[in-house]
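What the coordinates show
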Amino acid sequence: MRRGYVGSAAGAALLAVVAAGAGGYAAGGERESAGVRVPGGESADAGFARDMAVHHQQAVEMSYLVRDRTGDEEVRRLAYDIAQTQANQRGMLLGWLDLWGLPKVSAKPPMSWMGMGDMPLGQDGALMPGMATDSELRRLGSLKGRAAEVLYLQLMTEHHRGGVHMAEGCVARCAPGPEQRLARGMADAQRSEIRLMADMLNKRGASARS
């Protein structure tokens, strides 16, 4: 994988976060368990972990879809990088919920931890800002070559914008510690990938959707 792709740096940052948090995930606790502070079930820390795990899963799905539909090495490398980075981060987020003894789902609407629980319910499978609809995913799965590349880059740009918004919400609301550091690294990496995807779209005579 070329070192120019930001996912490589994100992977290194992820390992650093693991190392930093290995001492006990003590950030943001509202109670203690075996000497470890644990966030409350509806805290920003728990909400971010749940919602970002769902958000990341769709990015992984889209990335594997496009890798099967184009021979373009630039797009395939980016898609692989995104899929691997976000799958690893998703595993970490779900692992934290397990460690905290918290459920992976909440009765509250998505984004409630950001004060956005009253936003209109997502349409056609798009549960949170930036997520693609089921119809868009089916369309991506029906395309090949340049058409698939362009749609993937457009959908992933929107997906990253939503991811950055959510990560910034955790940076502002989560307790200091591994969750907040991971969120900050996510936001930085995805901003860089948004710029990269803008260049890739431009090469294909297209642009991100407004």
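Residues numbered from 1 in each chain as written. Predicted model: local features only at pLDDT ≥ 70, side-chain atom pairs only at ≥ 80, totals over all residues. Heavy atoms only, no water.

1. Re the state of the cysteines
For the coordinates displayed, the defined rule picks out one disulfide. With a sulfur-sulfur separation of 2.2 Å, Cys-170 is cross-linked through a disulfide to Cys-174. Between Cys-170 and Cys-174, the S-S torsion sits near -120°, and that sign places the bridge as left-handed. Judged by its relative accessible area of 0%, Cys-170 is buried. (Disulfide = S-S within 2.5 Å. Buried < 20%, exposed > 50% of the residue type's maximum accessible area, 1.4 Å probe, protein only.)

2. Here's the deal with the nonpolar core
Of all hydrophobic cores here, the largest spans 30 residues; its most connected members are Phe-48, Leu-93 and Met-166. Those elements that place two or more of their residues in this core are helix 2 (44-67), helix 3 (73-100), helix 5 (145-173) and helix 6 (178-203). Other than its neighbours up to four places away in sequence, Phe-48 contacts Ala-53, Leu-93, Trp-113, Met-166, Ala-167, Cys-170, Cys-174, Glu-179, Ala-183 and Met-186. Of all hydrophobic cores here, the second largest spans 22 residues; its members include Val-75, Met-156, Met-197 and Met-200. (Core = buried A, V, L, I, M, F, W, Y, C linked by side-chain atoms within 4.5 Å. Helix = DSSP H or I, 4+ residues; strand = E, 2+ residues; numbered from the N terminus. Contact = heavy atoms within 4.5 Å.)

3. Here we look at the side chain of His-56
Residue placement: His-56 occurs in helix 2. Excluding residues within four positions of it along the chain, His-56 makes contact with Gln-86, Gln-89, Arg-90, Met-186 and Gln-190.

4. A look at the packing of helix 4 (residues 134-142) against helix 5
Contact geometry of helix 4 with helix 5 gives a least axis separation of 9 Å together with a crossing angle of 150°. One finds that helix 4 runs roughly antiparallel with respect to helix 5. In terms of crossing hand, the pair formed by helix 4 and helix 5 is left-handed. Taken together, the residues of helix 5 that come into contact with helix 4 (itself represented by Glu-136, Arg-139 and Leu-140) are Ala-148, Leu-151, Tyr-152 and Leu-155. Here the residues of the contact of helix 4 with helix 5 are counted per class, giving five nonpolar, no polar and two charged. (Axes fitted to C-alpha atoms, helices over the stretch in contact; angles between N-to-C directions. Parallel < 35°, antiparallel > 145°, perpendicular 65-115°, else oblique. Left-handed = near helix turned anticlockwise from the far one by under 90°. Nonpolar A, V, L, I, M, F, W, Y, C, P; charged D, E, K, R; others polar.)

5. Considering the pattern of salt bridges
Within this structure, the stated rule accounts for 10 salt bridges. Here Arg-204 ties to Asp-72 by a salt bridge, and the two come within 3.1 Å at their closest N and O atoms. You can see Arg-204 sitting in the segment after helix 6 and its partner Asp-72 sitting in the loop between helix 2 and helix 3, a full 132 residues away along the chain. Among the salt bridges present, the one from Lys-203 reaches Glu-74, with a minimum N-O distance of 3.2 Å. Here Lys-203, found in helix 6, pairs with Glu-74, found in helix 3; they are 129 residues apart in sequence, far enough to count as distant. (Salt bridge = Lys/Arg side-chain N within 4 Å of Asp/Glu carboxyl O.)

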